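# Coordinate inspection notes
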Amino acid sequence: MKKIILIALVSTLTFNLVAQAVPPSELNDSPYRNMREGNSRLINSSKETEISKLYKNTKSIEVLRKIISDKSINRCATKVVLAIKDKLNFSHRNDVELAILGLRQDNSIDDITANILTAATSLNILIPNLIAKNDLTSDEEDKALEIFNTEAKHIKNKTLCIEDVYRDLVGKLATDSSKFVKNLKHINKLALDNNVINNNDFKILEKLRAKKVYEWPITLSEYSQSLDNIAINFPMRTRESAELITDVKFRVKKSLRQSLYEKYNSIQIMLLANIARDMKKRLESRDITININYVDQNSEIINLSPMEKFRFILKLLRKELATVNNGSLLGGKAANYMDIITASYEVGYISSNEITAMASLQEIWNPTKTTKEKVMYWTKTFGGIASVLLPPPFGFVAVMAIMLIDQQVAAAPIDHDSDFNLM
């Protein structure tokens, strides 16, 4: 009778995530201060010149910094936009949008924040008072009003963020009946007619409804909460930029970083990042062994070769991703390898140098190459024992390259067999 145990003897090397000091001129209290992005994809060369003239080293940028650092309003996009209009005496939406980009150029905010604020500038546009359709029965109207009444006190509470309040209201209505979402205008009017809300609140809710704020992938309060949690758990991150993570490429309209925050909360992001952290630690381990424990004789220890170690670590990664996707921690949103890589970069487990090295593997990204050609390219570039023995980041980049090939071959790993076979 014997028992086989896998043991990873991890080296004493730990991740050095000590941050470089941020220049004093760039310090401010903005929770959205740019830490992970380079140049903004929202600012082209012509806009850059215009924005610099308006805001670089001006009193206006000082006003904007105070606004975005004001804790009483900076968790609410509509309040920030209103403050920009009031403090800088703006009447045109374009001026407000340029001010937002001024904050982005100043690195007081990042692109995700700028996108949310820009979306909020459209909420001041007047909505025509069209006749609302009504597909609800009398009982359904009563139920909708009952739900509306539970949220009325929050709508009237001006210390709260109205877009978050309205999203909560629509969420509760949608949970009760899908018909309610199709009749939101009528329900808003019902609330007005029954004195649940006043005329001013009705106009505000109508703007939020018309612009479908309830479909926004993320609000400023949600984003700030995620940023705060990550900052608390990873206070020593250095400022970095990686174009692969923050640029919009591959026929999509969002960067990998924006998609990450729209898809997952901070706890889920850290969970995904920890998968890469553990993989990186295993790659840096001194040895991986198989211990065979006999009943009446000494244990036998078998050392895996460098390539066996490499393959085992990769298969363990696949198992861990499948386990996460099979569970409930991600809320049914299946993660893929790029989600893991992006999350790891966000918290600082993967450096911009490693991301740059991976991005330079053009053959891996080339859509005209077949899977076989990509695998052959990987074998030629990283194949053999040498790839494992190369110093970081190259050993880790090799694993990430395989992850990318895997992701292009199939969907995110989901294995419903709880006895996932590692060997």
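Use the structure listed above.
Sequence order as written defines residue numbering, which begins from 1 separately in each chain. Only residues with pLDDT of at least 70 get local features here, since the model is predicted, and only at 80 or more are side-chain atom pairs given and counted; chain-wide, interface and lining totals rely on the full set of residues. Working from all heavy atoms in the structure, the side-chain values ignore hydrogens and water.

### Topic: the pattern of salt bridges
Heads up, the condition is: A side-chain nitrogen of Lys or Arg and a carboxyl oxygen of Asp or Glu constitute a salt bridge if their distance falls within 4 Å. What counts as a helix is a DSSP run of H or I of at least four residues, what counts as a strand is a run of E of at least two, and both are numbered from the N terminus. In this scheme, a residue with accessible area under 20% of its type's maximum is buried, one over 50% is exposed, and one in between is partly exposed, where area comes from a 1.4 Å probe on protein chains only.
Considering all chains together, one arrives at 24 salt bridges under this definition. The partner of E346 in a salt bridge is R257, with the nearest N and O atoms 2.8 Å apart. With a gap of 89 residues between them, E346 in helix α16 (residues 337-347) and R257 in helix α13 (residues 256-263) connect regions that are remote in the sequence. Assigned by exposure class, E346 and R257 land together as buried. For K280, the salt bridge is made with E354, and the minimal N-O distance between the two is 2.9 Å. Of this pair, K280 sits in helix α14 (residues 266-283) while E354 is found in helix α17 (residues 352-359), placing the two residues 74 residues apart along the sequence. Judged by relative accessible area, which is 4%, E354 ranks as buried.

### Points about the environment of F148
Condition: In this description, contact between two residues means that some pair of their heavy atoms is separated by no more than 4.5 Å.
Checked against the element boundaries, F148 lands in helix α6 (residues 138-156). Spatially, the C-alpha atoms of F148 and N188 are 8.7 Å apart, while their sequence positions differ by 40 residues. Those residues in contact with F148 that sit more than four places away from it in its chain are I155, L169, I187, N188, A191, V196, I197 and L205.

### A few points about the nonpolar core
Here is the rule we go by: Here, nonpolar core refers to any group of buried Ala, Val, Leu, Ile, Met, Phe, Trp, Tyr and Cys residues whose side-chain atoms link them within 4.5 Å.
In this structure, L64, I84, F148, I197, L317 and I355 are the most contacted members of the largest nonpolar core, which totals 110 residues. Top element by residues in this core is helix α15 (residues 306-326). It accounts for 9 residues. For L64, the residues in contact, after removing those within four places along its chain, are Y55, I84, L88, A99 and L103.

### What to know about the packing of aromatic side chains
Using the following cut-off: Classification of ring pairs uses Phe, Tyr and Trp, with its six-membered ring standing for Trp, and accepts pairs whose centres are within 6.5 Å; under 30 degrees between planes counts as stacked, over 60 as edge-to-face, and the remaining range as tilted.
As enumerated under the stated definition, the model contains 4 aromatic pairs in all. Seen in terms of ring centroids, Y166 and Y214 are 6.5 Å apart; in terms of plane orientation they differ by 65 degrees. Their pairing is edge-to-face. One end of the pair, Y166, is in helix α7 (residues 162-176); the other, Y214, is in the loop between α10 (199-210) and α11 (220-233), and 48 residues separate them in sequence. On the accessibility criterion, Y166 (1% relative accessible area) is buried. In this structure an aromatic cluster arises from ring pairing among Y32, Y223 and Y261.

### Observations regarding the state of the cysteines
Threshold: The disulfide criterion is simple: two cysteine sulfur atoms within 2.5 Å.
Inspection of the entire model under this criterion finds 1 disulfide. Bridging C76 to C161, the disulfide has an S-S length of 2.2 Å. Every disulfide takes its handedness from the sign of the S-S torsion; for C76 and C161 that torsion is 80 degrees, giving right-handed. Remark: C161 occurs in the loop between α6 and α7 and C76 occurs in the loop between α2 (59-69) and α3 (77-87); sequence separation between them is 85 residues. Each member of the pair C76 and C161 is classed as buried.

### Description of the side chain of T78
Stated precisely, the cut-off is as follows: The term polar contact refers here to a pair of N or O atoms within 3.5 Å; inside protein, the definition further demands a hydrogen-donor-capable atom paired with an acceptor-capable atom, and it admits residues adjacent in sequence only when both atoms are side-chain atoms.
Structurally, the position occupied by T78 is in helix α3. For T78, a relative accessible area of 19% translates into the label buried. Within the local environment of T78, its side chain forms a polar contact with the side chain of E163, the two groups lying 2.6 Å apart. When neighbours within four sequence positions are excluded, T78 is seen to be in contact with A120, L123, C161, I162 and E163.

### Describing the packing of α3 against helix α4 (residues 93-105)
Condition: Note on geometry: axes are lines fitted to C-alpha atoms, helical ones only across the stretch in contact, with angles between N-to-C directions running from 0 to 180 degrees. Convention used here: angles under 35 degrees read as roughly parallel, angles over 145 as roughly antiparallel, angles from 65 to 115 as roughly perpendicular, and any remaining angle as oblique. Charged residues are taken to be Asp, Glu, Lys and Arg, nonpolar residues to be Ala, Val, Leu, Ile, Met, Phe, Trp, Tyr, Cys and Pro, and polar residues to be all remaining types, Gly included.
One can describe the packing of α3 onto α4 by two numbers: an axis separation of 10 Å at closest approach and a directional angle of 105 degrees. With respect to their mutual orientation, α3 and α4 come out roughly perpendicular. Between α3 and α4, the residues in contact are V81, I84 and K85 and V96, A99 and I100, respectively. Tallied by class, residues from the contact of α3 with α4 come to 5 nonpolar, no polar and 1 charged.

Read these as spatial facts, not as claims about activity.
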